[in-house]
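A look at the structure
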Amino acid sequence: KPPRSPCCRGLELQQCITQWNKTGDTSTLRNRKTFPLSEKTFQTPSTAVSKDKNSRTGGQSSEDDTQSSNGTSAQFSVRGSLGTNEPPSRVLLMLVVGLSFSTRLYKITEPPHVCWDETHFGKMGSYYINRTFFFDVHPPLGKMLIGLAGYITGYDGTFPFIKPGDKYEHHNYWGMRGVCHFSHTPIQSFHSFKKSSYIMGVDVSSLLLCSTVLCSVGLLSPNLCLPHSAGVVSVSHCCSHHCLSAHIWPFTAPWWLWLVLIGVNLAGALGVKFVGLFVIVLVGLNTVWDLWRLLGDLSLSLVDIAKHFLARVVGLILLPLFIYVTIFAIHFVVLNKSGPGDGFFSSAFQSRLIGNNLHNASMPEYLAYGSTITVKNLRIAGGYLHSHWHLYPEGVGARQQQVTAYLHKDYNNLWLIYSQSGTPDLVRHGDIIRLEHKETTRNLHSHLHEAPLTKKHFQVTGYGTNGTGDTNDLWQVEVCGGRKGDLVKVLRSKVRFLHRATGCVLYSSGKTLPKWGWEQVEVTCSPYLKETPSSQWNIEDHINPRLPNISLSVLKPHFLEILLESHIIMIRGNSGLKPKDNEMNSKPWHWPINYQGLRFSGVNETEYRVYLLGNPVIWWMNLATLGLYLIMVAVASVALQRGFSLEHACVLMRGGGLLLLGWLLHYVPFYTMGRVLYYHHYFPAMLFNTMLTGITLDILLKSADLLLRPPYSDWLQRVGQMAFLFTVLYSFYLFHPLSYGMTGPLAHEPGSAMAGLKWMDSWEF
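This structure is a prediction, so every number in the text was calculated from the model and none was measured. Within each chain, residue numbers correspond to sequence positions counted from 1 in written order. With pLDDT at 70 or above as the cut-off, local features in this predicted model cover only qualifying residues; side-chain atom pairs require 80 or more to be listed or tallied, and sums for whole chains, interfaces and linings still use all residues. Working from all heavy atoms in the structure, the side-chain values ignore hydrogens and water.

What follows deals with the overall build of the protein. By definition, any uninterrupted DSSP run of H or I lasting at least four residues is a helix, any uninterrupted run of E lasting at least two residues is a strand, and each is numbered from the N terminus. Across its full length, the protein carries 18 helices and 18 strands. Three labels apply to residues, based on accessible area from a 1.4 Å probe with only protein chains included: buried if under 20% of the type maximum, exposed if over 50%, partly exposed otherwise in between. When the 765 residues of the protein are sorted by exposure, 55% land in the buried category. Residues are treated as being in contact if the distance between any of their heavy atoms lies within 4.5 Å. When contacts within the protein are restricted to residue pairs at least 6 apart in sequence, those whose partners lie at least 24 apart make up 74%.

Take a look at the structure:
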């Protein structure tokens, strides 16, 4: 039994097949007929088209062309891949390929100095070339590609990337820019959307080609958008081809190819930025809907449905997961040298990095009394427990010795650990201890005075001298997840220190002290006893000549441990990116209206200026299309409910709905985020909106035959298409200096390349 396409709602099987194969018909479904099935019913598309042409030549109408009860006929002209007057696919594809390369790589070496984001991403590319470990709040694939491109094109990784405006001079930087600019999005979009029609493919690819934000120099968003767009275009291809949505060609080579491509692109999207989770949710929802629809298809056995389910598990879950984990495996293997990212990770993690003081080091395995130790906080940038001779200033708690957290290794991080009873032994869970600062001989101390910055916490100080003090110097050791009597293992055990007198817990707030505290991190005693990384510590250095040493190589974490740790730290790092005073911060409501761009390079007329701003014509066209799309869907839904057959209803409602959902998933969540936001965070959502614009306008023009008869409807479509392409191309011509850079007079001055084009006062070019 041949499959039934979900796009032909309300049609009987014979009418459904005829509707898709014919190049034009006149039908309404107010009075539907049921046709008997026969072998003649199921013809190849080419046969059906040729027969339909013959029938029209003879002036006859097909059997299922019926009149509606109101005496009118709805005439539809099926175009697309079956049309006879479509331009050659290969010619258009080569044109799109050529334009993609030329628009992305034009003036790739200008300006010859560091632009805004290159300070960070270029430096990270250098770290990969030098194999130096660093930390970033996003997964590593994007930075790996930048480093790989630089290495292949001859960059040696020696440029420091200190600040924007630094000259590259003799350094070869064009490869790192090129990999970020190259995007196959217009190419793949054309290839996928032409399955519905060549015109739709041209519309979508032209909108993406002329999007100025995807042509701007720098090492930022074009690179980050590529896997997102590849994922959604793969899904769009499958929707237009019905390979996943209607089981027409299940388990054939093309079917598997596109399923695998979706999985690869999902891994790539998540491997670049965590915002890739949104496209994974999108594909997941689409897959669940497909499986639910297949479950209701009685022509499929339960075995067939199980095969479809397992295929999607392999292609869309296991394969992306394997690729994603492989990306991190390569990341950890390449970055094997100590670098600026060490301090963000645990001591056990640092022991695997060449050049770190813990690499191939040896020390006693279990913490003992009388040992000299360093204590490291487990929160991001929590620092080492630290003290120095300076006192808290007048009016800041008790005027006693400062205790802080210091982010770097230092002699003042050393502490001596003593037992309350003075009996030398191994330290265990539940023991009462005293920590003495080695340099100043003062005890770690707390009392009921409020902390300097975190007012609801208690102050922590250094008190006493040469081991003498009071009961406020006593702390109880608690091994997280441990039981009474458990030993404290260096590097691996997570430990908390509970103050005996007040019941609070030693805590690193992460707040930076004023200059009197040397801008180090505040340490407090928190009365809130919930286990958090801020209240957890581990023993990093451990010196005790009375105990045998072991090599720290036996304590190195295995791959799954460092994979989990890296993700925990990345998530915490993302949540910690709060807006700072006077820091540039964009608002989500700014993005769809193109309210404000981002200055990449230059501010005055003598400098080479690059301004990241979306093509206003395309941007506002996208915004208007969101409303137009909802209106068209409402009209189409009413028409289908009344029994009319709409040729493009599937593409409009299913394909367009998928893109609308993608836009919502990639845009709405930013309203709930407290982290600092930038203009480029909208770019993945912009891709979905742009593709939706291409689909919507294409279907709108093709719906002209609902109002006009040929040849007037055809004329209207051609004129509308030409006007659309001219508008898009001319707008790119007007605003392309923003992307490729410009010098000379500013926008408000005569003779400027952007004279008269500053349509909004908030634009800063």
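Here we come to the pattern of salt bridges. Here a salt bridge means any side-chain nitrogen of Lys or Arg lying within 4 Å of a carboxyl oxygen belonging to Asp or Glu. Scanning the model with the defined rule gives 11 salt bridges in all. Here Glu-478 and Arg-496 are joined by a salt bridge, their closest N and O atoms 3.0 Å apart. With Glu-478 in strand 11 (residues 475-479) and Arg-496 in strand 12 (residues 495-499), this residue pair connects regions lying 18 residues apart in the sequence. Both residues of the pair, Glu-478 and Arg-496, belong to the buried class. One salt bridge connects Asp-698 with Lys-702, and the closest N-O pair in it is separated by 3.4 Å. Residue Asp-698 and its partner Lys-702 are located together in helix 17 (residues 683-702), separated by 4 residues, close to a single helical turn. Accessibility expressed as a relative area gives 1% for Asp-698, which makes it buried. Relative accessible area serves as the criterion here: at 9%, Lys-702 is assigned to the buried category.

With an omega dihedral of -5 degrees, the bond running from Glu-110 to Pro-111 counts as a cis peptide bond. Summarising the element assignment, Pro-111 is placed in the loop between helix 3 (89-105) and helix 4 (118-130). With an omega dihedral of 5 degrees, the bond running from Pro-710 to Pro-711 counts as a cis peptide bond. The residue Glu-519 is not glycine, and still its phi comes out positive at about 55 degrees. Looking at the secondary structure, you find Glu-519 in the loop between strand 13 (505-512) and strand 14 (521-526).

With respect to the helices and strands, Lys-273 occurs in the loop between helix 10 (253-272) and helix 11 (276-295). Overall, the relative accessible area of 9% leaves Lys-273 in the buried class. Expressed as a C-alpha distance, the spacing of Lys-273 and Gly-142, which sit 131 residues apart in the sequence, is 8.1 Å.

Attention shifts here to the side chain of Lys-376. Relative to the elements of secondary structure, Lys-376 occurs in strand 4 (residues 372-377). Positive: Lys, Arg. Negative: Asp, Glu. His and the chain ends are not part of the count. Although Lys-376 is buried, it makes no salt bridge; Glu-540 carries the closest opposite charge, 5.5 Å away. We define a polar contact as two N or O atoms separated by no more than 3.5 Å, with the added condition that, inside protein, one atom must be a possible hydrogen donor and the other a possible acceptor, whereas residues neighbouring each other in sequence contribute only through side-chain atom pairs. From its side chain, Lys-376 meets the backbone oxygen of Phe-345 in a polar contact 3.2 Å long. Apart from the residues lying within four places of it in its own chain, the contact partners of Lys-376 are Gly-343, Phe-345, Ser-347, Gln-350, Gly-383, Tyr-384, Gln-536, Trp-537, Asn-538 and Glu-540.

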